[in-house]
Amino acid sequence: MEHMRHGGFMQGGMHHAVAKGVTLDARVDAAAHTVTLRVGPMNLPAHTSHMKMPQPPDLIWEVPMDAWLLAYHPKLVDASGNAVPGTVLHHVAFWNENRADFLCPNKEEHIFGAGSELTDWAEIPGYGYYVRNGDKIRIETMMYNPTATSYDKAYLEVQIPFVDASAGSVGKMIQNVYPAWMDVNSCADSSYDVPTGKSEKTGTVTVKYDGVLLGVGGHLHDYGKQIVLQDASRKETVATLDAKSDEQGHLESVPVKLFVQEGGYKFVKGDMLKVSATYDNPTGKLLRDGAMGIAVGYFAPADEAQMAALRRNSKPPHDMAGMSHDH
Ligand SMILES: [Cu+2]
């Protein structure tokens, strides 16, 4: 069996103390067709870096039904349900341990991710990500607290609307999508060093299936300026996404470009995609593992049957050293 490495989005060689008492609570509201995943409680003292903060362990959500997941709405709350600012979320990443990524099969399928900007993954009507009863979704959460306020008993909540596959007719109208992470580090680990001043990093990845890209957003870190996705085989720019930052260069958001109206941006098997990320680092220091540059979209394949090969029935042994995070 092919050895599938952990992550790629957030992995690395550093080790964190594990926060005690953090569990996953998964609540399925069958009437409202919503799952709420809740990670916590987490104690977040003021002015604590992600390296110093004890981090939640990886938690597993075992999917209790065949369903399409339609969207991901992340938020942070305290024990009484009051909002906690997103700035304390370093990142969260969901991985389907039962499937390989369609662009980088050396990685598990990365189905959702967000950082301090609390990226909301909105529903694209008519499309969903199919999960099966028993699929194991691994949840990696990393917290920090750059603010002057301590937060006691904070929870990360991700609300996921879904369509139950056993509900019959509704599901038949949903087309499967696959998350597409097009990384400037190609299929290797996503983190890289940012030099001082302006810099650009470019990587390529080859599409192995015919289909369409429904839309694309981006993942950058602080001082990230722009992410550009090109179809190099076709010599076309798919999307140019300019990040929004505050005056210090801290990332606020990256826009999303949708192609749904036009029926998607067409990819042909063998197309080489080129991704570039630009940074402007004003700190005067090289930021070790400070950057990521990923164009993130949804892909709808022309032939669904081919995607079945990406399923992994049993979980390969993990390299324990790869289970920690690096940013
Ligand atoms: Cu990142």
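Residues numbered from 1 in each chain as written. Predicted model: local features only at pLDDT ≥ 70, side-chain atom pairs only at ≥ 80, totals over all residues. Heavy atoms only, no water.

Q: It is not clear to me how the pairing of strand E22 (residues 272-281) should be interpreted in this structure. Could you clarify?
A: As paired strands, strand E14 (residues 197-206) and E22 are joined by ten bridges and run antiparallel to one another. Following the sheet pairing, Thr204 is matched in E22 by Lys274. Where strand E16 (residues 224-231) lies against E22, seven bridges are found, and the strand directions are antiparallel. Looking at E22, one finds that Ile227 is bridged to Ala277. (Pairing = 2+ DSSP bridges. Helix = DSSP H or I, 4+ residues; strand = E, 2+ residues; numbered from the N terminus.)

Q: Explanation requested: the environment of Gly81 in the structure shown.
A: With respect to the element layout, Gly81 can be found in the loop between strand E5 (73-77) and strand E6 (89-100). Linking Gly81 and Ala154, residues 73 residues apart in sequence, is a C-alpha distance of 9.2 Å.

Q: What exactly am I supposed to notice about the confidence of the model for the chain here?
A: Reading fine detail from the predicted coordinates is not recommended where pLDDT is low. Averaged over all residues, the pLDDT of the chain equals 90, while 90% of them reach at least 70. Here residues 1-13 is modelled with pLDDT under 50, and outside its nearest four sequence neighbours on either side it reaches 64 contacts, counting other chains as well. This model gives residues 319-327 a pLDDT under 50, and the stretch forms 38 contacts once residues within four places in sequence are excluded. (pLDDT = per-residue confidence, 0-100. Contact = heavy atoms within 4.5 Å.)

Q: Any chance you could explain the state of the cysteines here in plain terms?
A: One covalent bond between the sulfur atoms of two cysteine residues makes up a disulfide. Evaluation of the coordinates by the stated rule reveals one disulfide. Sulfur-sulfur distance for the disulfide between Cys104 and Cys187 comes to 1.9 Å. Looking down the S-S bond of the Cys104 and Cys187 bridge, the torsion is -75 degrees, so its handedness is left-handed. Placement of the pair is Cys104 in the loop between E6 and strand E7 (108-115) and Cys187 in the loop between strand E12 (178-183) and strand E13 (192-194), with a sequence separation of 83 residues. Taking the relative accessible area as the measure of exposure, Cys187 reaches 26% and is therefore partly exposed. (Disulfide = S-S within 2.5 Å. Buried < 20%, exposed > 50% of the residue type's maximum accessible area, 1.4 Å probe, protein only.)

Q: What is the right way to read the pairing of strand E15 (residues 211-220) from this model?
A: Side-chain positions along a regular strand alternate between the two faces of the sheet. With nine of ten residues buried, E15 lies mostly within the body of the structure. Pairing of E15 with strand E24 (residues 293-301) involves nine bridges; the strand directions are antiparallel. Paired with Gly218 across the two strands is Ala295, which belongs to E24. The pairing of E15 with strand E21 (residues 265-267) spans three bridges and is classified as antiparallel. Bridge pairing in E21 places Gly211 opposite Phe267.

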